[in-house]
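Notes for the structure review
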Amino acid sequence: MHDRMDAMERRLATLEDREEIRNLIATYGPLADSGKAEAVAALWTADGEYEVVGFATARGRAAIAGLIEGPTHQGLIAQGCAHVLAPVTVEVDGDRATAIGHSVVLRTGESGGFEVYRVSANRWTLGRTSEGWRVVHRANAMLDGNEAARLLMSPL
Amino acid sequence: MHDRMDAMERRLATLEDREEIRNLIATYGPLADSGKAEAVAALWTADGEYEVVGFATARGRAAIAGLIEGPTHQGLIAQGCAHVLAPVTVEVDGDRATAIGHSVVLRTGESGGFEVYRVSANRWTLGRTSEGWRVVHRANAMLDGNEAARLLMSPL
Amino acid sequence: MHDRMDAMERRLATLEDREEIRNLIATYGPLADSGKAEAVAALWTADGEYEVVGFATARGRAAIAGLIEGPTHQGLIAQGCAHVLAPVTVEVDGDRATAIGHSVVLRTGESGGFEVYRVSANRWTLGRTSEGWRVVHRANAMLDGNEAARLLMSPL
């Protein structure tokens, strides 16, 4: 009986981990589009990283908040933008997890209609912390035909 | 032992609530694109509301079905359209829940290719009813740079 | 007590089925965009089918891998593309399941920016196998105003 309960608790915990990770990633877009820099940064661990492959890596929450507060992102918000993150495929291994999925940035174009601004591959490495699951590393690469994006999308 | 089972049942119920809410929202797009007006309306409570912020609010199932049956939506369907709803971030609090996420309407353009027609923020308020979770209020605002959309996307 | 545990195990199994199916479908896009033909094919059963309604049906894993290895798909990858699959609504009935949702193919256009290439309705039929859930049949139809896509999107 106890064995059966132990097994059920493990299965529950696995489902809860996946649910929490999926929800964490689904929170990024709304927070980014509403300009909540501190809340975006708090999705990462204290020394978490956001790497745009081949371009730059923001390290730590202050740097990540800085991306949201910076002129590029603030310009996008003022113009009208949506950071849409597609469903992710998730693999949990103890206190680490990997999630892979697309992100698409849509924005209001000069003609007033919407246009597709960026389409990227994302590979998220997540860690279990005392505050719950947090992003340890997010790697992002544009799906413009470069090999980097295909590597991020490759099987877990 | 009973306490342990009680705790597991509560955790299961939480996961089931989140699963049901996610599935309910994922059903909207396919139903809207196939023109199933009654089925769309049945996602809402009897007196549920669909508010397009700053524009109009449809109150009750007949009014919501009317949006699907109306000439604007029927024209989109005939032309070719997709109401794509991104993953939502969900917070459940007893018999109420809030979900936040993007919606994107794509349509066939005049040149025959597809174009991005609308990109919106959505904030869903849901309630537990005897029929399961239903939409009490959906607020939608275009992400065209206006403040209303950013408010809908702000933290739960 | 045993009845209560039996009930919990059934509820857990239902959640696990839904989680696994959602994850399987979320894996398609990243695998397709990174050109992993064998891994894409392995999402299907040995004799699974990928039907593009009114056009052609690929039957069996070799044929499905062939779609990824073929010149059309390889050209898209080289040019830069994203096969973005929206959240699905899922219904599980014993060892069979149905999932419905949109897919959107984005690609780098001639001008260097991204464009929406295809927007489709998808109806997935899945089966429980000894290896886990696999795709038995995926039907895909462009949402360009044709009736076929609306039928795929119709209620489960």
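It should be noted that the structure appears before, not after, this text.
These numbers come from a predicted model, not from an experiment.

Put simply, the two copies of the chain differ by a rotation about an axis and a shift along that axis. For the pair chain A and chain B, the best superposition has an RMSD of 0.0 Å and corresponds to a rotation of 120° with a translation of 0.0 Å parallel to the axis. This pairing of chains is accounted for by a three-fold axis.

Here the focus is the interface of chain A and chain B. By convention, interface size is frequently given as the accessible area that disappears when the constituent parts associate. At the junction of the two partners, chain A supplies 36 residues and chain B supplies 29 residues. The tally of links between chain A and chain B comes to five salt bridges. Arg 11 of chain B is paired through a salt bridge with Glu 16 of chain A; the nearest N and O atoms lie 2.7 Å apart. Among the secondary structure elements, those contributing two or more residues to the side of chain A that touches chain B are helix H1 (2–33), helix H4 (71–79), strand E3 (81–85), strand E5 (96–108) and strand E6 (114–129) of chain A. A per-element tally of the side of chain A that touches chain B places H1 of chain A first, with 18 residues. Split into classes, the residues belonging to the side of chain A that touches chain B amount to 20 nonpolar, nine polar and seven charged.

A cluster of nonpolar residues, Met 1 of chain A, Met 1 of chain B together with Met 1 of chain C, forms a patch on the protein surface that exposes about 250 Å² of accessible area. Along the chain, the position of Met 1 of chain A falls in the segment before H1.

In this section: the packing of aromatic side chains. For the structure on display, the rule yields 12 aromatic pairs over all chains. Note on Trp 44 of chain B and Trp 124 of chain B: the rings are 6.3 Å apart at their centroids and 40° apart in plane angle, and the pair reads as tilted. Taken as a pair, Trp 44 of chain B in strand E1 (residues 44–52) and Trp 124 of chain B in strand E6 (residues 114–129) lie far apart in primary sequence, 80 residues in all. By relative accessible area, which is 0% here, Trp 44 of chain B ends up buried. Note on Trp 124 of chain B: relative accessible area 2%, which makes it buried. Members of the aromatic cluster, connected to one another through ring pairs, are Tyr 28, Trp 44, Tyr 50 and Trp 124 of chain A. The cationic tip of Arg 138 of chain B hangs over the ring face of Tyr 28 of chain B; the distance from NZ or CZ to the ring centre is 4.6 Å.

Now for the interface of chain C and chain A. In this complex, chain C contributes 36 residues to the contact, which on the side of chain A involves 29 residues. Broken down residue by residue, the surface that chain C buries against chain A is led by Met 5, Leu 12 and Phe 114 of chain C, which jointly contribute 24%. The interface formed by chain C and chain A holds five salt bridges in total. Breaking the side of chain C that touches chain A down by element, the ones donating at least two residues are helix H1 (2–33), helix H4 (71–79), strand E3 (81–85), strand E5 (96–108) and strand E6 (114–129) of chain C. Of the residues forming the side of chain C that touches chain A, the biggest block, 18 residues, is contributed by H1 of chain C. Residue classes in the side of chain C that touches chain A are distributed as 20 nonpolar, nine polar and seven charged.

Attention shifts here to the side chain of His 83 of chain B. All names here are of chain B. On the secondary structure map, His 83 appears in strand E3 (residues 81–85). Residue class for His 83 comes out buried when judged on its relative accessible area of 10%. Among the polar contacts listed, one links the side chain of His 83 to the side chain of Asp 33, at a separation of 2.7 Å.

Inspection of the entire model under this criterion finds 39 salt bridges over all chains. Here Glu 131 of chain B and Arg 61 of chain B are joined by a salt bridge, their closest N and O atoms 3.5 Å apart. Taken together, the residues Glu 131 of chain B in the loop between E6 and strand E7 (132–142) and Arg 61 of chain B in helix H3 (residues 61–69) connect sequence positions 70 residues apart. A relative accessible area of 27% places Arg 61 of chain B in the partly exposed class. Bridged by salt links that share partners, the residues Arg 18, Glu 19 and Arg 22 of chain A, Arg 18, Glu 19 and Arg 22 of chain B together with Arg 18, Glu 19 and Arg 22 of chain C form one connected network.

Rules behind the numbers
- Residues numbered from 1 in each chain as written.
- Chains lettered and ligands numbered in written order.
- Predicted model: local features only at pLDDT ≥ 70, side-chain atom pairs only at ≥ 80, totals over all residues.
- Heavy atoms only, no water.
- Least-squares fit on C-alpha atoms with pLDDT ≥ 70 in both.
- Contact = heavy atoms within 4.5 Å.
- Salt bridge = Lys/Arg side-chain N within 4 Å of Asp/Glu carboxyl O.
- Helix = DSSP H or I, 4+ residues; strand = E, 2+ residues; numbered from the N terminus.
- Nonpolar A, V, L, I, M, F, W, Y, C, P; charged D, E, K, R; others polar.
- Patch = residues over 30% accessible without salt bridge, like charges linked within 9 Å, V, L, I, M, F, W, Y side chains within 5 Å.
- Areas by Shrake-Rupley, 256 points an atom, 1.4 Å probe, with all protein chains shown as cover.
- Phe/Tyr/Trp six-rings, centres within 6.5 Å; stacked < 30°, edge-to-face > 60°.
- Buried < 20%, exposed > 50% of the residue type's maximum accessible area, 1.4 Å probe, protein only.
- Lys NZ or Arg CZ within 6 Å of the ring centre and 35° of its normal.
- Buried area = accessible area lost by both parts, 1.4 Å probe.
- Polar contact = N/O pair within 3.5 Å; in protein donor to acceptor, adjacent residues only side chain to side chain.

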